Structure formats: C-alpha cells, structure tokens
Amino acid sequence: MSDPVSALGGATFEGFASVREIGPLGMITLRAKSGTPGLAEAVQAATGCALPEQRRLLRQGDRAVGWMSPDEFLLILPYAEVASGLAAIAQALQGQHHLAVDVSDARAVFRIEGSKADQVLRKLSPVDFDRLEPNELRRSRAAQVAAAFWSEDGGFTLVCFRSVAGYVMGLLRTSAQPGSEL
C-alpha cells in the first residue's frame, strides 16, 4: 500500500463553522446482498462493528461501517489496516458472491464542525436536516457532486470522490463564509 496522502494536504477553513480535510482514511466498499452467509462476520472481522440498519453508521473507536444501499456497505478503518481488513472479508465470505474493494485513495473526507455546522450543508444538499439523526448516513449530493455524510460528535463528516475534493472544499468554504449564516 502506498504512503497515505490526503487529497488536499489537510486543508482547513475557519468561518462561522470550521471545515477541514481529515483524510486519508482507510475505506472499503463491500458489496453483498443482505443475508449473505458470513456478511455480518466479515464486517465484524474488519471493523469490530455489527451490520448497520438502513441509513445508519455504527462506530467502534476508529472503525466504522455505514449502510450505503441494500447491497453496499462502507467500511472505515485505519489506512494501514485496509489490506488485513480485505483479507478478513475474503476469509469470512469465501465462496459467497461479493465484492470488496479498497477505495481509500479514491475518496476525500471532510469534517464540518461548530454550532452552525448544519447550515453549511443545508445550503448544498437537498436533505431535511431537522430530521437527520446522529449517526444517520445519507447519500446525496453537495451542490452537484455525489457525497455521503453523517452527523456525529457535534459535527458532520462528508465523503466525496477525491477527483472533486478541491471543488467540494471550495463549496464548503463558500458556504461557511462569515455573514452567510441562514
């Protein structure tokens, strides 16, 4: 595995909310139908977490698993442990139809924090933030860019494709400008 390099070198912005790039994180996309024998064991072996319910993110320390769709889960773990996570998944799902792929270097991850952090994303995403619960994972968009985000620990974590990281940071920075609060 290559040395981890964040998409934007840890870019930050302080506005009415704080925005920072927090990557690189280890990430595995796991595709398998719910109910596949060994699926729960595979997720447990790689992350220490149970299978999450629909639109949920479960965390165990620096590891997490998020429900992305009926047959897709996002596993988050330390960058250096992705290979061992993939091996654990392969062993638990041996003989079962599945796909597990290291997407760590294909993603950028941002953290938006502060008492008005939700306002940054409210401007960009067509989501009812008044109903968004802590640890509820949403696949949506930030402006016109595919993104996933969840609320935890008083802020939001946003994941997007690395190829649009600069654009997304620009969106977040513009949305968090002092004086532009909703």
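Relevant structure appears above.
Residues numbered from 1 in each chain as written. Predicted model: local features only at pLDDT ≥ 70, side-chain atom pairs only at ≥ 80, totals over all residues. Heavy atoms only, no water.

Caption draft 1: Representation of the pattern of salt bridges. Throughout the structure, instances matching the rule amount to 13 salt bridges. The partner of Glu133 in a salt bridge is Arg56, with the nearest N and O atoms 2.3 Å apart. You can see Glu133 sitting in the loop between helix H3 (117-122) and strand E9 (138-142) and its partner Arg56 sitting in the loop between helix H1 (39-47) and strand E4 (57-60), a full 77 residues away along the chain. Judged by its relative accessible area of 23%, Arg56 is partly exposed. (Salt bridge = Lys/Arg side-chain N within 4 Å of Asp/Glu carboxyl O. Helix = DSSP H or I, 4+ residues; strand = E, 2+ residues; numbered from the N terminus. Buried < 20%, exposed > 50% of the residue type's maximum accessible area, 1.4 Å probe, protein only.)

Caption draft 2: Representation of the sheet that holds strand E6 (residues 72-77) in the model. Taken in spatial order, the 5 strands line up as E4-E5-E6-E3-E7 in an open sheet, and their pairing is antiparallel. Only two strands of the sheet have a single partner each, and these edge strands are E4 and strand E7 (99-102). Ignoring which end each strand starts from, the neighbouring axes of this sheet average 15° apart. Here E4 pairs with strand E5 (residues 63-69) via 4 bridges, running antiparallel. (Pairing = 2+ DSSP bridges. Axes fitted to C-alpha atoms, helices over the stretch in contact; angles between N-to-C directions.)

Caption draft 3: Inspection of unusual backbone geometry at higher detail. Positioned with a positive phi, Ala143 is a non-glycine residue whose angle comes to about 60°. If you trace the backbone, Ala143 turns up in the loop between E9 and strand E10 (145-152). Positive phi, normally seen in glycine, also occurs at Asp153, with a value near 50°. When you line up the elements, Asp153 lands in the loop between E10 and strand E11 (155-161).

Caption draft 4: Highlighting the nonpolar core. Counting residues in each nonpolar core, the largest one holds 28 residues, and the members touching the most others are Phe110, Ile112, Leu121, Leu158 and Leu172. When contributions to this core are tallied by element, the ones reaching two or more residues are strand E8 (107-113), H3, E10, E11 and helix H4 (165-175). Here the element with the most residues in this core is H4; it accounts for 5 residues. Membership of the second largest hydrophobic core comes to 16 residues, among which are Ile28, Val43, Cys49 and Leu75. (Core = buried A, V, L, I, M, F, W, Y, C linked by side-chain atoms within 4.5 Å.)

Caption draft 5: Structural detail: the sheet that holds strand E1 (residues 12-14). Read from one edge to the other, the open sheet built from 6 strands follows the order E1-E2-E8-E11-E10-E9, with strand pairing classed as antiparallel. Looking at the sheet topology across the chains shown, the edges are occupied by E1 and E9. Here the average twist between neighbouring strands, direction ignored, is 25°. Note that E10 and E11 share 6 bridges and pair antiparallel. When the sheet's bridge partners are listed, Ser151 is paired in E11 with Phe156. Packing against the sheet, H4 makes contact with E1, strand E2 (18-21), E8, E9, E10 and E11, and its axis sits at approximately 10° to E8. (Contact = heavy atoms within 4.5 Å.)

Caption draft 6: Highlighting the environment of Leu77. Looking at the secondary structure, you find Leu77 in strand E6. In sequence terms Leu77 and Ala146 are 69 residues apart; their C-alpha atoms lie 22 Å from each other. Not counting residues within four places of it along the chain, the set of residues in contact with Leu77 comprises Leu25, Gly26, Ile28, Ala46, Asp62, Arg63, Val82 and Gly85.

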